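# Observations on the three-dimensional arrangement
Each chain, written out:
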Amino acid sequence: MTAVVAVLVLVLTAPLVPSRAGAAPAATVVADNAVITWSLHTQTVAYEVARQAPYRHGRTLAIVGGAVYDAANAVAGVPYEPFLVAPRVRRGASMEAAVASAAYGVLAWLFPEQETTLRGFYDEALAGVRHGRAKRDGIAVGEAAAGAMIAARRDDGAGAAASWAVGTEPGQWRPTPPGFLQDGAEVADIKPFVIADGNAYRTAGPPALTSRRYARELNEIKALGAIDSTVRTQDQTESAIWWHDRRQTEWEIKRQIARNQRLGTLETARLFAMADIARADATIACFNEKRHWGFWRPVTAVREAGADGNPATSADPNWTPLLITPPFPDHTSGHSCSTGAIMTAMRRFFGRDDIAFSAYSVDSGTTRGFGSFSEALAEVIEARIWGGVHFRSADVQGVDLGEQVAGYVLAREFRRR
């Protein structure tokens with residue numbers, strides 16, 4: 001007994017070791033819940049294997065998030081308003097089986113070619129659940145939630161063929177080097193998850209080519225966003241690459257916050273669904289903006305500045321941005337739209353802004369941390385300029401658009417009953 005008491009005293013009085021911003025102290029690390037595990041599986045199949053672009057995998061995450069949320073909410077007794085359905089289930093159903101069944105069901109529908117991999121994930125998840133009525137009930141509720149989501153999204157326009165209008169006049173978008181490609185136009189026509197119409201959100205648009213504001217924005221990105229910029233700092237370069245990482249650091253941010261805030265399975269499902277569904281609708285609205293404005297990218301604007309009619313700009317036919325320009329118009333910034341929606345959703349979920357987080361980017365080889373959601377939003381605006389891919393107006397108005405869409409979505413969904 002004396003030895004036991006001595007050990008307990010040592011444990012309870014040992015000082016906490018400080019950790020870097022955004023990371024959990026070692027003493028608070030807990031095992032991943034089922035929602036986080038299936039978030040990792042979704043990243044594996046959607047990006048690591050299928051290589052879905054960010055403007056497409058937003059829909060994937062929303063489909064998975066909505067189905068998982070409905071399944072977890074039903075097992076918990078429906079404390080929150082369901083997104084699509086609240087399948088009836090007996091008390092005591094397995095939460096882990098419900099989450100696994102819902103996630104597996106929609107992912108197998110989205111990626112039938114990866115059925116073997118997904119089945120392996122599913123079998124592994126169910127192997128940890130004790131056989132019996134609770135397991136069977138959990139599987140049933142997950143299957144019902146997945147079925148409802150599949151029915152809702154089966155003909156949502158995601159696979160339609162579409163293309164961007166290509167212009168030749170100053171200010172009009174045209175494909176950009178090095179690949180001179182175009183892609184993603186169909187995203188504007190995808191059926192939204194919550195908002196009534198993806199075309200209902202209109203920003204002020206890019207500044208007039210002959211305005212002083214446009215000249216300031218072009219000269220800013222010309223200096224800061226060039227691949228060989230002499231004024232961009234190393235930290236700014238790393239930031240631009242970090243935010244551009246196609247593995248989407250937002251995935252790890254959500255998971256890290258859920259772990260560090262010690263969220264349970266249902267609360268993690270609700271947080272992820274709020275963020276991912278708001279993000280999906282914001283992306284749809286954003287791509288409608290791109291179609292409406294059809295504004296040229298900085299690489300085109302700088303190289304052809306001699307024809308823009310603005311005496312305060314000058315052309316550099318060899319100008320090249322730090323990052324490869326995405327294959328669609330500039331205004332508004334898709335990354336700013338989606339980040340604005342995600343950060344707004346997380347701020348609404350916690351009811352506060354000052355939550356620290358960080359994430360590692362494979363592309364930049366660095367970890368970046370933030371003390372709040374608003375701090376991250378402020379940096380993404382600058383990062384797209386430092387990368388040479390978006391004018392400031394596209395970034396600022398993109399964040400505003402994401403916040404507006406998220407506000408609409410969260411005022412109508414995921415509320416406590």
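Just above, that's the structure.
Residues numbered from 1 in each chain as written. Predicted model: local features only at pLDDT ≥ 70, side-chain atom pairs only at ≥ 80, totals over all residues. Heavy atoms only, no water.

## Here we look at the nonpolar core
Threshold: For the purposes of this section, nonpolar cores are sets of buried Ala, Val, Leu, Ile, Met, Phe, Trp, Tyr and Cys residues that join through side-chain atoms within 4.5 Å. Relative accessibility decides the category of a residue: with a 1.4 Å probe and only protein chains considered, values under 20% of the type maximum give buried, values over 50% give exposed, and everything between is partly exposed. Runs of E in the DSSP output that reach at least two residues are strands. Runs of H or I that reach at least four are helices, and both are numbered from the N terminus. In what follows, residue pairs with any heavy atoms lying within 4.5 Å of each other are defined as contacts.
Core analysis: the largest hydrophobic core is formed by 107 residues, its most contacted members being W38 and F414. Here this core takes 15 residues from helix α10 (residues 265-293), the largest share from any one element. Beyond its immediate chain neighbours, meaning those up to four positions away, F414 contacts Y69, Y80, E81, F83, R270, A273, M274, I277 and V409.

## Some points on the pattern of salt bridges
Threshold: Any carboxyl oxygen of Asp or Glu within 4 Å of a side-chain nitrogen of Lys or Arg constitutes a salt bridge here.
In the structure shown here, the tally under the stated rule is 23 salt bridges. Two residues, K254 and D276, come together in a salt bridge whose shortest N-O distance is 2.6 Å. Placement of the pair is K254 in helix α9 (residues 249-260) and D276 in helix α10, with a sequence separation of 22 residues. We classify K254 as buried; its relative accessible area is 4%. Overall, D276 belongs to the buried group, its relative accessible area being 4%.

## Brief notes about the environment of R384
As for its placement among the helices and strands, R384 is situated in helix α13 (residues 373-386). Counting along the chain gives 165 residues from R384 to N219, while the straight-line C-alpha distance between them is 15 Å. In contact with R384, not counting residues within four places along its chain, are I221, W243, H244, L323, P326, S333, H335, S336, V389, H390 and D395.

## Overview of α9
To keep it simple, the criterion reads: To estimate the expected span of a helix, count its residues, drop one, and scale the result by 1.5 Å.
With 12 residues, α9 extends 16 Å from end C-alpha to end C-alpha; this agrees with the ideal 16 Å at 1.5 Å per step. Counting buried residues along α9, nine of its 12 residues qualify, which places the element largely inside the surrounding structure. Considered for burial, the residues of α9 that qualify are T249, E250, W251, I253, K254, R255, Q256, I257 and A258. Within two residues after α9, R262 carries a phi angle of roughly 55°, on the positive side.

## Things to note about the environment of R59
Here R59 lies in helix α3 (residues 54-75). We classify R59 as buried; its relative accessible area is 16%. Separated by 147 residues in the primary sequence, R59 and P206 have C-alpha atoms spaced 27 Å apart. Contact partners of R59, with chain neighbours within four places excluded, come to W109, L110, R153, D156, A158, I190 and F193.

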